[in-house]
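# Tertiary structure, described
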Amino acid sequence: MAKLFMKGNEAVGEAAVRGGIRFFAGYPITPQSELPEYLSWRLPEVCGTFIQAESEVAAINMVYGAAATGARAMTGSSSPGISLKSEGISYLSAAELPAVIINVQRGGPGLGSIQPAQQDYLQATKAPGHGGFRMMVFAPNSIQEAVDLVYEAPEYADRDRSPVLVLMDGCLGTMMDEVELPPFKELPETICKPWTVGYDGTTRSGHLITPIYPEAGLEGKNKLAVARTKRWEENDVQVEEFMLDDAEWVIVAYGIASRVAKQAILNLRNKGVKVGMIRPITLFPFPKKSIAELDYSQVKGLIDIEMSIPALMREDIELQVLGRAPVYEYGRSGGVLLDDDSTEAAIWKIIEEASSNG
Amino acid sequence: MAEKIYTKPPCLLPLSSGFCPGCLHSLATKLIAESIDELGVAEKVINVLPVGCSTMNSLYWKLDMVTSAHGRAPAVATGVKRCRPDALVFAYQGDGDLASIGLSEVLMAANRGEHITIFFANNSTYGMTGGQMAPTTLIGQKSTTCVFGRDPDTTGFPIRMCELVKELEAPVYVARFALNSPANIRKAKKGIKKAMQNQIDGLGFSFVELLINCPTNWGMSPVQSIAYMEENTMKYFPCKVFVDKTEEEEK
């Protein structure tokens, strides 16, 4: 199939259309604005709906309404906008509504910076809203992988009747790269499903989509959510393991940071340093086993590399290492990008200091 | 054998409501239900519920329903209607929900001219949370967060929503009614039905405000609360049809 040269945000928009997304509500925010821009003309071409909402809050609630009818619905934003959407994300989870959410991360906290960053890991994986719920979080490290994950995201959302987050960053969103687009998915003739609202042609009335339950019912829902999380951990973990066989040093990095780290690893390998990488593709469920089952008689240390200060994934890594090896971190933050040379130097420095201390 | 000439509207379940005795939410709900049944559209209706006393309606309606977050009903209704243009989508919101936390959502849905119907129940208080000051609480009216009465110097003035909505270009029908007397109830019923009919006719955004009471939080008997409405509420919030573009189009 022919490859195209596309900007990340636009490629993701096209992947969503091909994956069956037919409703998008969004609000302009850098660095993801090309996504609503693209979909504003692209969705009507496939009889879909685009709405430029008055706010991030309204956008996620429009998605909530669309999802209640069974339409495949998506919204996108960048870090501060995702905070505003967190109310709606919690409600989507409570009401068991499928939806795809794209976060093209920028520097934080606060208004932060408009430049790329990876400072929303904790929000994405631990508390995307109030009420102690989780959702699947995908973290592509290339435009092609972003396309492939966004294309499949509605399937996970529909399967679990849950919001799904694709956690990108300003680099992936705004850079251009070659990309192979997947074919259009065949969509069912009707958006109606047994649980959706809206007359389906048969005699029925009284379907309720609700984010509020009686106490015992809510506790039951909470327990079901725990069981679903376990299923995710058993079946849905995606991870890339790179040069781990003889690795004495293991980098853990996701998204754009893993691209930079990979180059640094290749450079260090050329210098004889035994370094490899674990790259979570699903941040939630987190690839616990890959880290827990490392050969700790061989591994001298792990280095968490993120475009975030502090490195936010570190606690999840440490929970799997359980003290069997030291965990270090290196990152740039606030919109300052990682680069190959500094990252290689930082890894080398950590290894050297650990060796001289050891 | 006696003939049954009055019964509960079929689109309401045969249950007694949990609204307080004398509360006009029950009556407003019944008027909407009657209108839906008289129009024969129950199975095509999608009812978007707000947050407040009227969230309880999820237990009473026999309609497809979506419960939304506080104030967000017009945004949720927008998503629903855009995906199901064949459905009749309405939301019934209280004054805290619509005129305070959801002011943006309702005005912007109105401004886009979404083909939805918004019923706005204005009882000048936050009923469900125990009677705090609402954006519609009258000057001097007491609440649990203005115990000496609403003071405009620090809390501003009651918001007249119809008067805000009517300034927008898109809405096709904007009207305020009071449910204080049989005559006014009949007028309100006519307006409610019209606001639903407008959606059947594909006309655009309809907004119907209903002045109601809250005997519990006003600390009054139901009869006293109606008298208070007539002497105070209805004087500040004039009952009339502000916009009716449906008449123009019929000409």
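Here the residue numbers are simple positions, counted from 1 along each chain's written sequence. Whichever chain is written first becomes A and whichever ligand is written first becomes 1, with later ones labelled in order. Given that this is a predicted model, residues contribute local features only at a pLDDT of at least 70 and side-chain atom pairs are listed and counted only at 80 or more, while totals for whole chains, interfaces and linings are drawn from all residues. Each side-chain value is worked out from all heavy atoms of the structure, with water and hydrogens disregarded.

## Things to note about the interface of chain A and chain B
Threshold: In this analysis, two residues are considered to be in contact whenever any of their non-hydrogen atoms come within 4.5 Å of each other. Here the buried area means the combined drop in accessible surface, using a 1.4 Å probe, for two parts upon being joined, counting both sides. Note on definitions: salt bridges are taken to be side-chain nitrogens of Lys or Arg within 4 Å of carboxyl oxygens of Asp or Glu. Side-chain atoms alone can form a polar contact between residues adjacent in sequence; in general such a contact is a pair of N or O atoms within 3.5 Å, and within protein one must be able to donate a hydrogen while the other accepts it. Counting from the N terminus, the helices are DSSP H or I runs at least four residues long and the strands are E runs at least two residues long. When residues are grouped by polarity, Ala, Val, Leu, Ile, Met, Phe, Trp, Tyr, Cys and Pro land in nonpolar, Asp, Glu, Lys and Arg in charged, and all others, Gly among them, in polar. Two strands qualify as a pair provided DSSP detects at least 2 bridges between them.
Counting residues at the interface gives 34 residues for chain A and 29 residues for chain B. For the pair chain A and chain B, the two sides together bury roughly 2500 Å², of which 60% comes from carbon and sulfur. The largest share of the area that chain A buries against chain B comes from Glu-54, Tyr-199 and Ser-205 of chain A, three residues that together contribute 25% of it. Run the count over chain A and chain B and you get 2 salt bridges. On inspection of chain A and its partner chain B, the count reaches 12 residue pairs in polar contact (both at pLDDT 80 or more). Per-element tally for the side of chain A that touches chain B: the top contributor is helix α3 (residues 56-68) of chain A, with 8 residues. Per-class residue counts for the side of chain A that touches chain B are 19 nonpolar, 12 polar and 3 charged. Where strand β9 (residues 208-209) of chain A and strand β2 (residues 64-67) of chain B come together, 2 bridges link them in parallel fashion. Pairing of Leu-208 of chain A across the sheet is with Met-65 of chain B, part of β2 of chain B.

## Comments concerning the domain arrangement of chain A
Residues and elements named next belong to chain A. The following threshold applies: Domain borders in the structure are assigned automatically or taken from a domain database.
The domains assigned to chain A are domain 1 (4-235) and domain 2 (239-357). Centre-to-centre separation of domain 1 and domain 2, based on C-alpha positions: 29 Å. Taken residue by residue, the interface counts 33 residues in domain 1 and 26 residues in domain 2. Summed over both partners, the interface of domain 1 with domain 2 comes to about 2500 Å²; 56% of that surface belongs to carbon and sulfur atoms. Connecting domain 1 to domain 2 are 3 salt bridges. The salt bridge partner of Arg-279 is Glu-145, with a shortest N-O separation of 2.8 Å. Where domain 1 touches domain 2, the interface holds 14 residue pairs in polar contact (both at pLDDT 80 or more). Elements with a minimum of two residues in the side of domain 1 that touches domain 2: α5 (121-125), β6 (136-138), α6 (143-160), β7 (163-169), α7 (170-174) and α8 (215-235). Here the side of domain 1 that touches domain 2 is built from residues that sort into 16 nonpolar, 10 polar and 7 charged.

## Topic: the pairing of β7 of chain A
Residue and element names in this part refer to chain A. Spelled out, the test is: The classification of residues rests on relative accessible area computed with a 1.4 Å probe and restricted to protein chains. Under 20% of the type maximum is buried, over 50% is exposed, and intermediate values are partly exposed. For crossovers, right-handed means that the path from the first strand over the helix to the second runs clockwise, given strands pointing away from the viewer.
With 7 of 7 residues buried, β7 is to be regarded as a mostly interior element. By the alternation rule, side chains of β7 split into Pro-163, Leu-165, Leu-167 and Asp-169 and Val-164, Val-166 and Met-168, which are all buried. Sheet analysis places strand β5 (residues 99-105) next to β7, joined by 7 bridges and oriented parallel. Looking at the pairing, Gln-105 lines up with Asp-169 of β7. Taken together, the 3 bridges between β6 and β7 define a ladder with parallel strand orientation. Bridge assignment links Phe-138 to a residue of β7, and that residue is Val-166. Between β6 and its parallel partner β7, the chain crosses via α6, and the hand of that crossover is right-handed.

## So, the packing of helix α1 (residues 25-39) of chain B against helix α7 (residues 182-200) of chain B
Residue and element names in this part refer to chain B. Applicable threshold: Axis definition: a line fit to C-alpha positions, over the contact stretch in the case of helices; interaxial angles, taken between N-to-C directions, run 0 to 180 degrees. These descriptions rest on fixed angle ranges, namely under 35 degrees for roughly parallel, over 145 for roughly antiparallel, 65 to 115 for roughly perpendicular, and the rest for oblique. By definition, turning the near helix anticlockwise from the far helix through less than a right angle yields a left-handed crossing, and turning it clockwise yields a right-handed one.
With their axes 9 Å apart at the nearest point, α1 and α7 run at an angle of 50 degrees to one another. With respect to each other, α1 and α7 are oriented oblique. The handedness of the crossing between α1 and α7 comes out as right-handed. In this structure, α1 uses Leu-27, Leu-31, Ile-32, Glu-34, Ser-35, Ile-36, Glu-38 and Leu-39 to contact α7, whose residues at the interface are Ile-185, Ala-188, Lys-189, Ile-192, Lys-193, Met-196, Gln-197 and Ile-200. Across the contact of α1 with α7, the residue classes break down as 10 nonpolar, 2 polar and 4 charged.

## Details of the packing of aromatic side chains
Convention followed: Between the rings of Phe, Tyr and Trp (Trp by its six-membered ring), a pair exists once the centres lie within 6.5 Å; its type follows the angle of the planes, with under 30 degrees stacked, over 60 edge-to-face, and the other angles tilted.
Summed over all chains, the structure comprises 12 aromatic pairs over all chains. When the centroid spacing of 6.1 Å and the interplanar angle of 5 degrees are considered together, the rings of Phe-24 of chain A and Phe-50 of chain A count as stacked. With a gap of 26 residues between them, Phe-24 of chain A in strand β2 (residues 23-26) and Phe-50 of chain A in strand β3 (residues 49-52) connect regions that are remote in the sequence. Pair check on accessibility: Phe-24 of chain A and Phe-50 of chain A agree, each one buried. When the ring of Phe-120 of chain B is compared with that of Phe-207 of chain B, the centres are 5.9 Å apart and the planes differ by 40 degrees; the resulting orientation is tilted. Residue Phe-120 of chain B is located in strand β4 (residues 117-122), and its partner Phe-207 of chain B is located in strand β8 (residues 206-211); the two are separated by 87 residues in the primary sequence.

## Here we look at the nonpolar core
Soluble globular proteins tend to bury their nonpolar side chains together. Rules: By nonpolar core we mean a set of buried residues, namely Ala, Val, Leu, Ile, Met, Phe, Trp, Tyr and Cys, connected to one another through side-chain atoms within 4.5 Å.
Ranked by internal contacts, the top residues of the largest apolar core, which has 143 residues, are Ile-102, Ile-251 and Leu-302 of chain A together with Phe-207 of chain B. When residues of this core are assigned to domains, at least three map to each of domain 1 (4-235) and domain 2 (239-357) of chain A. Among all residues touching Leu-302 of chain A, those that are not within four sequence positions of it are Val-250, Val-252, Ile-291, Leu-294, Tyr-296, Ile-317, Val-321, Ala-325, Pro-326, Val-327 and Tyr-328 of chain A. Counting 48 residues, the second largest nonpolar core, distinct from the first, contains Trp-61, Met-65, Val-172 and Val-208 of chain B.

## Here's the deal with the sheet that holds β9 of chain A
Taken together, 8 strands build an open sheet; the order of strands is β9(A)-β2(B)-β1(B)-β3(B)-β4(B)-β8(B)-β7(B)-β9(B) and the sheet is mixed. Strands with a single pairing partner mark the edges of an open sheet, and in this sheet they are β9 of chain A together with β9 (241-244) of chain B. Looking at chain direction, strand β1 (residues 45-49) of chain B and strand β3 (residues 88-94) of chain B are connected through 4 bridges and run parallel. Note on β3 of chain B: the bridge partner recorded for Ile-46 of chain B is Val-89 of chain B. Lying over the sheet, helix α2 (residues 73-83) of chain B contacts β1, β2, β3 and β4 of chain B, oriented at roughly 175 degrees with respect to β3 of chain B.

## A few points about the pairing of strand β10 (residues 239-242) of chain A
Residues and elements named next belong to chain A. Side-chain alternation along β10 places Glu-240 and Phe-242 on a buried face and Val-239 and Glu-241 on a face that remains uncovered. Bridge analysis of β10 against strand β12 (residues 275-280) gives 4 bridges, and the strand direction is antiparallel. Residue Phe-242 lies in a different strand from β12, and its bridge partner there is Met-277.

## Remarks on the state of the cysteines
Threshold: In this description, a disulfide is simply a cysteine sulfur pair whose atoms lie within 2.5 Å.
By the definition in use, this model includes 0 disulfides over all chains. No disulfide involves Cys-192 of chain A; its sulfur sits 11 Å from that of Cys-83 of chain B, the nearest cysteine. Relative accessible area serves as the criterion here: at 17%, Cys-192 of chain A is assigned to the buried category.

## Notes on the environment of Gly-52 of chain B
Secondary-structure assignment places Gly-52 of chain B in the loop between β1 and β2. Along the backbone, Gly-52 of chain B and Gly-149 of chain B are 97 residues apart, and their C-alpha atoms lie at a distance of 22 Å.

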